[in-house]
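Summary of the model geometry
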Amino acid sequence: MTRVCLVGSDDVDLRAELLSRETARDALATYDLREPYRNCLELETISLGAAVSLLNDLNWYLVRFADDAIVREPSVSDEEWLSRDLAASIRDGEVRPAETDALLEVYGVTDEGELVEPMYVARADGEVPEYDLLDVPETLVVRVTESEFEN
């Protein structure tokens, strides 16, 4: 199953904002929503295409209430996430999955389960560089496109 994680903006309650709006609530109604990190919503879809389509359906809300939307596709990686743009590029056949692991956005994960201060890094010798912005017990790795990396 392909997983989607929506990362809420600091100044909003993502779950409340999405579920208080009829169109977003209807789009999410068939999914089991979980909160793996503070102010994040995670759900499972049947495929990468379904995940990208759902994110497209929710775009109006994501622009306003989310800082990030990421996708975990097991055929690409069991441990690393894909940015929304990279997931769409793979779905559309513009990028091969094997060519997606060089550029990364790495979030720190606090003891309280909050995603903090993403840093952009390039994989070095096949390894993810150490997260050094804050002292955190774990990280969440997101593969990104070249244009996202440069911004």
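For clarity, every value in this text was computed on a predicted model and none was experimentally measured.

1. Some words on the overall build of the chain
- Along the backbone of the chain there are 6 helices and 7 strands.
- In terms of overall dimensions, the chain is globule-like: its C-alpha atoms have a radius of gyration of 15 Å, near the 15 Å expected for 151 residues.
- Projected onto its principal axes, the C-alpha positions of the chain cover 45 × 35 × 25 Å.
- In the chain, buried positions account for 46% of the 151 residues.
- Long-range contacts, defined here as pairs at least 24 residues apart, represent 62% of the contacts in the chain between residues at least 6 apart.
- Of the roughly 8,100 Å² that the chain leaves accessible, carbon and sulfur atoms contribute 42%.

2. Digging into the packing of helix H3 (residues 48-57) against helix H5 (residues 84-91)
- It is at 9 Å that the axes of H3 and H5 come closest, and there the two elements cross at 130°. Put simply, H3 runs oblique to H5. Where H3 crosses over H5, the handedness of that crossing is left-handed. Contacts between H3 and H5 pair Leu-48, Gly-49, Val-52, Ser-53, Leu-55 and Asn-56 from the former with Arg-84, Ala-87, Ala-88, Ile-90 and Arg-91 from the latter.

3. As for the state of the cysteines
- Per the counting criterion, the structure on display carries 0 disulfides.
- Looking at the unpaired Cys-40, the closest cysteine sulfur is the one in Cys-5, lying at 4.5 Å.

4. Looking at H5
- Among all positions in H5, only Leu-86, Ala-87, Ala-88, Ser-89 and Ile-90 are buried.
- For H5, the secondary structure elements touched by its buried residues are H3, strand E3 (66-72), strand E4 (81-83), strand E7 (138-143) and helix H6 (146-150).
- A positive backbone phi angle near 75° is found at Gly-93, which sits one or two residues after H5.

5. Quick look at the nonpolar core
- Counting residues in each nonpolar core, the largest one holds 28 residues, and the members touching the most others are Leu-6, Leu-18 and Leu-58.
- Looking at this core element by element, the count peaks at 5 residues for H3.
- Aside from chain neighbours lying at most four places away, what touches Leu-58 is Leu-6, Ala-24, Ala-27 and Leu-28.
- Of all hydrophobic cores here, the second largest spans 12 residues; its members include Cys-5, Leu-115, Leu-140 and Val-144.

6. Digging into the sheet that holds strand E5 (residues 103-109)
- An order of E2-E1-E3-E4-E7-E5-E6 is seen for the 7 strands of this open sheet, with the pairing classed as mixed. Edge strands, defined here as strands with exactly one partner in the open sheet, are strand E2 (40-45) and strand E6 (115-122). Each strand axis lies, on average, 30° off the axis of its neighbour in the sheet, ignoring direction.
- Note: E3 against E4, 2 bridges, orientation antiparallel. Within E4, the residue paired with Ile-70 across the bridge is Ser-83.
- Strands in contact with H3 are strand E1 (2-8), E2 and E3; relative to E1, the strand with the most contacts, it is inclined by about 25°.
- The strands touched by H5 are E3, E4 and E7; relative to E4, the strand with the most contacts, the crossing angle is about 90°.

Criteria and thresholds
- Residues numbered from 1 in each chain as written.
- Predicted model: local features only at pLDDT ≥ 70, side-chain atom pairs only at ≥ 80, totals over all residues.
- Heavy atoms only, no water.
- Helix = DSSP H or I, 4+ residues; strand = E, 2+ residues; numbered from the N terminus.
- Rg over C-alpha atoms; globule rule 2.2 N^0.38 Å.
- Buried < 20%, exposed > 50% of the residue type's maximum accessible area, 1.4 Å probe, protein only.
- Contact = heavy atoms within 4.5 Å.
- Areas by Shrake-Rupley, 256 points an atom, 1.4 Å probe, with all protein chains shown as cover.
- Axes fitted to C-alpha atoms, helices over the stretch in contact; angles between N-to-C directions.
- Parallel < 35°, antiparallel > 145°, perpendicular 65-115°, else oblique.
- Left-handed = near helix turned anticlockwise from the far one by under 90°.
- Disulfide = S-S within 2.5 Å.
- Core = buried A, V, L, I, M, F, W, Y, C linked by side-chain atoms within 4.5 Å.
- Pairing = 2+ DSSP bridges.

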